[in-house]
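If you want the building blocks of each chain, they are given just below.
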Amino acid sequence: MTLVTDVRLRRVLDSRGNPTVEADVRTESGGFGRAKAPSGASTGEYEAIELPVGEAIANARELAIPRLVGEVYAGNQRDIDAALRGADGTDDFSQIGANSAVAISMAAAKAAADVLGAPLFQHLGGTFRGDTFPTPLGNVVGGGEHAADATHIQEFLAAPVGAPSVEEAVFANAAVHAAVGDVLDERGLACGKGDEGAWAPSIEDEQAFDIVSEATEIVEDDVGFEIGIGLDIAGAELYDAEEGVYRYGETVRETDEQLAYIAELVDEHDLVYVEDPIDEDDFEGYAELTARVGTETLVCGDDLFVTNVDRLERGIEMGAANSILIKPNQIGTLSDTVDAVERARRNGYDPVISHRSGETEDTTIAHLAVATDAPFIKTGAVGGERTAKLNELIRIEHNA
Ligand SMILES: C=C(OP(=O)(O)O)C(=O)O
Ligand SMILES: [Mg+2]
């Protein structure tokens, strides 16, 4: 039986050294699941609310746990998530915190999988999943909100689209990361890393393109399959709403110049993926850019959609983007997350399952990507909290 018999919450560390919520769920027949909430730095304005950890835990203990223990079955994810929504009573989880909600939601799914004796991806996606794997997008150079005094573009991503297996893709991304380090060294630009483990050199974006291209070519020659380049511009962070312009340090671009700049980058660098190219409120701009480059590349909405079906629906109606970033903690429950993936899929939008810049050793998103047959996962290239997910993908591929 998967009747929930115990839910425990505690404060643990995330990869930035900040506190985050860990949840343990136990069931009547001894099932156990444990999950942790991640945390963003370049968060979208329309995300569900992450409360200070102490408040999130205290409120969830008071409001949510009584609706779960002895009341709902961990095997019925929709009931678990409806209980969390009912306990919270707001649209954005501002009562119990999306951090408590997502940790409990994911821990319940793991407890249910434990009762079944099945891997999490199989509990979530069914028995016919596990034969196809997402291409990992690996962050190799970055700045923006993830590193001080580095590139304006938040993430330069290696995209090993030609890899024959997830294992080879994961190692190719790590090799690109290492090659970028070597090229930086050779050019006298040795530097530290940002929040997601990407190199964070104090250089202009143009130079970063040059370095990442050189590194991907070196690794392509070595591995013998295609490695493309993707970007997360994090446009909302560059947008100056008062002036209505995009600021890259001294360089200022009007919206039409920003759209032209992105289209130019897509052509020049054969970009396979462009996330958040413009501000999160500019659905029209997204539609214009998608009409321009949408057959050549994925135009992905992160802060634009925030894993929210209503915002995605608006995008679908307008032709804004052709891909959606999927972050469970942006919306607060696994049910809402899977609804966003399925709505995207039915409308020809590619879902990209994603980590946050603040992460833990939790591996739920690796299983979610396999369970939903997502074509891409974005979860870094190196660093323990990133390799936790990448290594889990390799284990799933090996039926380990
Ligand atoms: C992973 C990202 O960063 P954060 O978690 O800071 O939003 C992102 O913007 O895609
Ligand atoms: Mg993003």
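This text goes with the structure placed above it.
Worth saying up front: this structure is predicted, and the values here are computed from it rather than measured.

Asks: It is not clear to me how the pattern of salt bridges should be interpreted in this structure. Could you clarify?
Replies: Close approach of charged atoms lets side chains of opposite charge pair. The final tally for this structure, using the stated rule, is 24 salt bridges. In this structure, the salt-bridge partner of arginine 78 is aspartate 339, at a minimum N-O distance of 2.7 Å. Separated by 261 residues along the polypeptide, arginine 78 in helix H3 (residues 77-88) and aspartate 339 in helix H13 (residues 334-346) bring together distant segments of the chain. Of the charged contacts in the structure, one is a salt bridge between aspartate 336 and arginine 85, with a shortest N-O distance of 3.0 Å. In this pair, aspartate 336 sits in helix H13 while arginine 85 sits in helix H3, placing the two residues 251 residues apart along the sequence. The partly exposed category is assigned to aspartate 336, whose relative accessible area is 22%. Salt bridges linked by common partners bring Arg10, Glu22, Asp24, Arg34, Lys36 and Glu361 together as one network.

Asks: Just to check I follow, could you spell out the coordination of the magnesium ion (ligand 2) for this structure?
Replies: Metal coordination angles in their ideal form are 109.5 degrees for the four-donor tetrahedron and 90 or 180 degrees for the six-donor octahedron. The protein atoms that coordinate the magnesium ion (ligand 2) are Asp232 (OD), Glu275 (OE) and Asp302 (OD), at distances of 2.0 to 2.2 Å. The sequence pattern formed by the donor residues of the magnesium ion (ligand 2) is D-x42-E-x26-D. Of the two residues, glutamate 275 is situated in strand S10 (residues 273-275) and aspartate 302 in the loop between strand S11 (298-301) and helix H11 (309-318); the sequence distance between them amounts to 27 residues. With respect to burial, glutamate 275 and aspartate 302 carry one shared label: buried.

Asks: What's the story with the packing of aromatic side chains in this structure? I'm lost.
Replies: The description of two aromatic rings rests on the distance between their centres and on the angle between their planes. Here the structure, examined in full by the defined rule, presents five aromatic pairs. Put simply, the rings of Phe283, Phe305 and Tyr349 touch in pairs and so form one group of aromatic residues. Sitting over the face of the ring of tyrosine 248, arginine 253 holds its NZ or CZ atom 4.5 Å from the ring centroid. Directly above the aromatic system of tyrosine 46 lies the positively charged group of arginine 311, at a separation of 4.0 Å from the ring centroid.

Parameters and conventions
Residues numbered from 1 in each chain as written. Chains lettered and ligands numbered in written order. Predicted model: local features only at pLDDT ≥ 70, side-chain atom pairs only at ≥ 80, totals over all residues. Heavy atoms only, no water. Salt bridge = Lys/Arg side-chain N within 4 Å of Asp/Glu carboxyl O. Helix = DSSP H or I, 4+ residues; strand = E, 2+ residues; numbered from the N terminus. Buried < 20%, exposed > 50% of the residue type's maximum accessible area, 1.4 Å probe, protein only. Donors = N, O, S within 2.8 Å, 3.2 Å for Na, K, Ca; no water. Phe/Tyr/Trp six-rings, centres within 6.5 Å; stacked < 30°, edge-to-face > 60°. Lys NZ or Arg CZ within 6 Å of the ring centre and 35° of its normal.

All we've got here are geometric facts, nothing functional implied.
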